[in-house]
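Overview (structure and organization)
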Amino acid sequence: MMAELRFDDRVAIVTGAGGGLGRQHALTLAARGCKVVVNDLGGSAHGDGKSSSAADKVVDEIRAMGGEAVANYDSVENGESIVQTALDSFGTVDIVVNNAGILRDVSFAKMSKQDWDLVLKVHLEGSMSVTHAAWPIMREKGYGRIIMTTSAAGLYGNFGQANYCAAKLGLAGLANCLAEEGRSKNIHVNTIAPIAASRLTETIMPPNLLENLKPEAVSPLVAWLCHEKCEETKGIFEVGAGFISKLRWERSQGNSFPLGKAFSVDDVARRWGKITDFTDAEHPSNVNESFSPILDNINNPSLGGNEFIDLDVASKESLELESSYDENDLSLYALSVGAARDPLDKDELKFVYELGGNFQALPTYGVMPQIGAMLKAAKEGALALPGMNFGFDRLLHGEQYTEIKRPLPPHAKLKHTFKFKKALDKDPNAVVTFAITSTDENGNEVAYNEMTSFVKDAGGWGGERGDSGEINVPPAREPDAVIEEKTDANQTLLYRLCGDWNPLHADPAFARAFGYDKPILHGLCTFGYAGRHVIKAFSNNDGRYFKSIKVRFAKTVFPGETLETRMWKESDNRIIFETWVKERNEVVLKNAAIELFSEIPAEAPVPEQVSAEEVSAPQVEQAVTPDDVFAAVATYIKQKPELVDQTGTSFQFEFSNPDQQFFIDLKNAPGAAGPGTIDKPDVTLALDSEHLATVFGGDLAAVQKLFFGGELKISGNVMASNKLTVLQDMDPKLAEQARDKRVADGGGSQAVAVPVESQEPTMADVFSAIGHFIADNPDLIEKAATSFQFAFSNPDQDFYIDLKNAPGTAGAGQLDKADVTLELDSKHAPTLFGGDLAAVQKLFFGGDLKIGGNVMASNKLTVLQDMDPKLVEQARDKRLASGQPDTATAQPKKQKAPQAEKVLPELAEKLSAIGGQGGVLQIKVRSPDSAWFIDLSASSPGIVSGEKDAAAVITLDDSKLADLIAGKVALSTLYQKGDMRVDGDLALVRKLEQIL
């Protein structure tokens, strides 16, 4: 059991303590040993009059129960006098609870200047006055707890209380500032927004509501925030009728307009949805974090864009897709672009017959894997090119560049990385280019593509128009080679089997809707024909010499038309060409060129096999590491102990890539520096490890550039961070000497490899102690006869207690078929093993503890309530003494195989019963995540992977979905127990329940 929280030898000032909340705060603190100054002017709720009786009555109450208290009758405007009462009576002040207040409610139109001034004078200026008088005392003693009292009206606004709302929100701002100023002096400042029966609320709330809003439900929070063990500061809490919650600021991601271009009210209106979208919202907690996006916009100016093209998102993000192909895919592609029209031509057969001994890929196939992966994702509704917010209806393939790094292998599994390259503003339209790199399973680059698209009506953001000049223009002479080839009437139907499913190339009605008499040939099919022609004419029909191709799509081609490719040899390795439609005498591919290799490139290198000995051999970092730098700082501090007096500041460094923690203590003699954390640092600096040299390089301007560029985040006493300049005279050779010593000792970067061991007991210590307790009490097996599995989160850890099989054990890991399984956050472990059954039940009924298996048998854990807590401390001490890390947290939690894909086909079989009876139902699955949708408007609905605009959405865990479809649990039961969320049309969800 936790010892009672006491306030012995502490002195508190409670303003407005003659009744209501203030009285209860004073009584609560005094009941636990605190000496209290009961301040109350004794006026009315509107600020009129004065009387000593209210404060005197509360003092009498405190003394009657054995406490110490004195009365003070000053107005809170006279804070010095109130604090002087505390000093005269008790010698100091540790706690200030600013509670005094009045109301002068009237609509803003009717509010007088006196109404405004008096409310602000009592609430805001009064709280400032008392706090200001106590502040130097708290700073001097290095301790203080201050409570400001705001209200829901101040936080959210309320009609007829403009003066009160302004004062109350002002108090929250005052508290936030003082929390930052007092942080390094152990002065904690918090704000409460209470709702309770008092002189202020009795005039505006009905009696039946006031009966349930007792001050006794507010004061426990105030007492906790005032206690020395409470580390909370800068918090804002709503409290009343047993409810307590913490508030925080929330900010949308917002929109950053480019600084180089003026933006208008129309631009703001167009981006209003993004400006006000709280998806992926941020929660800034200090001025630095608040200023961060502004600094980012200054240092990283927006590239611009509009509602269709967001250049900032496009330039920062990438998309990865995967695909694979084999010999059949290569053969089908070759046939679809006209190869092997004569099946007896051996020189053509090599592109379509994999058993012929000289099989090779047509090199223009290098465009197909990434195009196929993109179109497949689009078909499934999963394509999201970064920053591109338009549909295919606006898109026209304008240009294509494909480069083959070496001859394509006959089969491969590829990863395609799509990255934005550029966008041109051809107002009113736009031209966008994406660069796509395709790599194999060994990381070798196989192909590189640039896909340039014309986007209708997506321009107009004021960007660059680009060069209007033409490239790859044929010379003014007859071509060096011409190849003419007629396409088949069904050419599009054959080519679409390679993955380009666009109905524009197959569906006559769809083509007519876009203004064409019939389906048009794929541009990339014409691209493939032209590539074949150049290979045949200039590389002896050997595609292995092909290096790259670049074309601009000029006109459409219809199946059955004759393609004529005219070619000009610019050099041995470069061919300029154009492709025309003979029947119409129109150029369809222009500004085109193909480059050839002089020699056939070698095959991709095969990764070398690394021996187990090489893998396990420790690697010693030869460069200067953070360990070396902070070891050097520690040496420098020893050489110059006066730095502690000069600086008087402690610093915590939080590095990323990799995550590491270091500290410099120039506050507590003799000073220190090294890996780990320091308690209550004055300044915390968070940055990437790559910027270490800049921070300690002695160039303050360079450090400030990091800060204003958002690369260095500083919290705590920001101004004190400048005191790190005392290290600028440190000899860089100290770091090199530390590096040399580490390398000579064969050591790596310790901070990366060795986490700082916590002095607090770990979960491993708790279960080690339980193991010892079981060993000392073998009769527990007979009493409990139950096995327990614990699945902790944050971090993920698995532990067990076997009180079923003699001799009984406990430790890290998993049991086979445990009787009881308990799932909970690691932070609740002390409650679970604290011996308080009511507290454990509260976790369970509050949803923080999930129990599976034999729920009733979980009560048998009470056999452990007599375990001596010292066993845990002894286990902790033994672990630390042995130098063994707490390895339990490092064990990966066993992941359950996803069930959705396995069980949904069973649901699909039942859907015909409710076909044609509704709209789209979206199923969102968690743990692991997946998404599926069912179109119940169809006569034979099916289940499709992906997301779609839906009339109703259900969200549930993967395991719950499996239970639902298996008939182990009813849909209504999942909903009622909170295991399934339903959004949208409930009637549509009920249709699903009909077939389950």
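Residues numbered from 1 in each chain as written. Predicted model: local features only at pLDDT ≥ 70, side-chain atom pairs only at ≥ 80, totals over all residues. Heavy atoms only, no water.

Inclusion rule: UniProt positions are given in the numbering used here, feature names are shortened, and annotations may be inferred rather than shown by experiment.
As annotated in an unreviewed UniProt entry, the protein carries the name SDR family NAD(P)-dependent oxidoreductase and is attributed to Alcanivorax profundi. The Subcellular location (unreviewed entry) comment attached to the protein in UniProt states, word for word, "Peroxisome". Within the UniProt record for the protein, the comment given under Sequence similarities (unreviewed entry) is "Belongs to the short-chain dehydrogenases/reductases (SDR) family."

**A word on the sheet that holds strand 1 (residues 11–14)**
Rules: The rule for pairing is simple: two strands pair if DSSP sees at least two bridges between them. Only DSSP runs of H or I reaching four residues or more are called helices, and only runs of E reaching two or more are called strands; each is numbered from the N terminus. Fitting a line to C-alpha atoms yields each axis, with helices limited to the stretch in contact; the angle taken between N-to-C directions then spans 0 to 180 degrees.
On the basis of which strands lie adjacent, the open sheet formed by 8 strands has the order 3-2-1-4-5-6-7-8 and mixed pairing. Here the strands that pair on one side only, and so sit at the sheet edges, are strand 3 (69–72) and strand 8 (243–247). If you compare each strand with its neighbour and ignore which way they point, the axes differ by 20 degrees on average. Here strand 7 (residues 236–240) runs beside strand 8; their pairing, made up of 5 bridges, is antiparallel.

**Some words on helix 15 (residues 368–379)**
The condition that has to hold: Each helix should span, by expectation, one fewer than its residue count multiplied by 1.5 Å. Only protein chains enter the calculation, and the probe is 1.4 Å; a residue is then buried if its accessible area is under 20% of its type maximum, exposed if over 50%, and partly exposed in between.
Over its 12 residues, helix 15 runs 16 Å from end to end, which matches the ideal 16 Å to within 8%, given 1.5 Å per residue. Taken together, the buried positions of helix 15 are Met368, Pro369, Gln370, Ile371, Ala373, Met374, Leu375 and Ala377. Gly381 lies just past helix 15 and shows a positive phi near 75 degrees.

**With respect to the environment of Asp457**
Just so we agree on the cut-off: The contact criterion used throughout is that any non-hydrogen atoms of two residues lie within 4.5 Å.
Mapped onto the elements, Asp457 comes out in the loop between strand 13 (445–455) and strand 14 (481–486). Residue classification places Asp457 among the partly exposed residues on the basis of a relative accessible area of 40%. Distance from Asp457 to Pro428, taken between C-alpha atoms, is 5.1 Å for residues 29 residues apart in sequence. Sequence-distant contacts of Asp457, defined by excluding residues within four places in its chain, comprise Phe308, Arg394, Pro428 and Asn429.

**Concerning the pattern of salt bridges**
Stated formally: In what follows, salt bridge is the name for a side-chain nitrogen of Lys or Arg lying within 4 Å of a carboxyl oxygen of Asp or Glu.
The full count for this structure, using the stated rule, is 46 salt bridges. For the salt bridge of Glu180 with Lys234, the shortest nitrogen-to-oxygen distance reads 2.7 Å. Of the two residues, Glu180 is situated in helix 6 (residues 162–182) and Lys234 in the loop between helix 8 (219–226) and strand 7; the sequence distance between them amounts to 54 residues. For Glu180, a relative accessible area of 26% corresponds to the partly exposed category. The residue Glu232 makes a salt bridge to Lys246 at a minimum N-O spacing of 2.6 Å.

**Notes on the packing of aromatic side chains**
So the rule is basically this: Pairs were defined over the aromatic rings of Phe, Tyr and Trp, the Trp ring being its six-membered one, requiring ring centres within 6.5 Å. Orientation was assigned from the angle between planes: stacked under 30 degrees, edge-to-face over 60, tilted for the rest.
What the rule picks out here adds up to 22 aromatic pairs. Pairing Phe257 with Phe263 gives two aromatic rings, centres 4.1 Å apart and planes at 10 degrees, and the pair type is stacked. Judged by relative accessible area, which is 15%, Phe257 ranks as buried. Arranged with centres 5.2 Å apart and planes meeting at 70 degrees, the rings of Phe630 and Phe653 form a pair that is edge-to-face.

**A word on the packing of helix 3 (residues 79–90) against helix 4 (residues 113–141)**
What counts, and what does not: Roughly parallel here means an angle under 35 degrees, roughly antiparallel means over 145, roughly perpendicular means 65 to 115, and every remaining angle is called oblique. With the far helix as reference, a near helix turned anticlockwise by less than a right angle produces a left-handed crossing, and one turned clockwise produces a right-handed crossing. Here the nonpolar group is Ala, Val, Leu, Ile, Met, Phe, Trp, Tyr, Cys and Pro; Asp, Glu, Lys and Arg are the charged ones; every other residue, Gly included, is treated as polar.
Their axes nearest at 7 Å, the elements helix 3 and helix 4 cross at an angle of 45 degrees. The orientation of helix 3 with respect to helix 4, classified from their angle, is oblique. Helix 3 and helix 4 meet at a crossing whose hand is right-handed. Counting all contacts with helix 3, which are made through Gly79, Glu80, Ile82, Val83 and Leu87, the residues of helix 4 involved are Ser129, Val130, Ala133, Ala134 and Ile137. Here the contact of helix 3 with helix 4 is composed, by residue class, of 7 nonpolar, 2 polar and 1 charged.

**Structural notes on the pairing of strand 5 (residues 144–149)**
Within strand 5, 6 of the 6 residues are buried, which leaves it mostly tucked inside the rest of the structure. Where strand 4 (residues 95–97) lies against strand 5, 3 bridges are found, and the strand directions are parallel. Within strand 5, the residue paired with Val97 across the bridge is Ile147.

**Regarding unusual backbone geometry**
Look at the link from Asp427 to Pro428: it is a cis peptide, with omega at 15 degrees. If you trace the backbone, Pro428 turns up in the loop between strand 11 (412–426) and strand 12 (429–439). The amide bond that connects Ala806 to the next residue, Pro807, takes the cis arrangement and shows omega of 10 degrees. One can find Pro807 in the loop between strand 25 (797–803) and strand 26 (809–812). Look at Ala241: it is not a glycine, yet its phi comes out positive at around 55 degrees. Of note, Ala241 is situated in the loop between strand 7 and strand 8.

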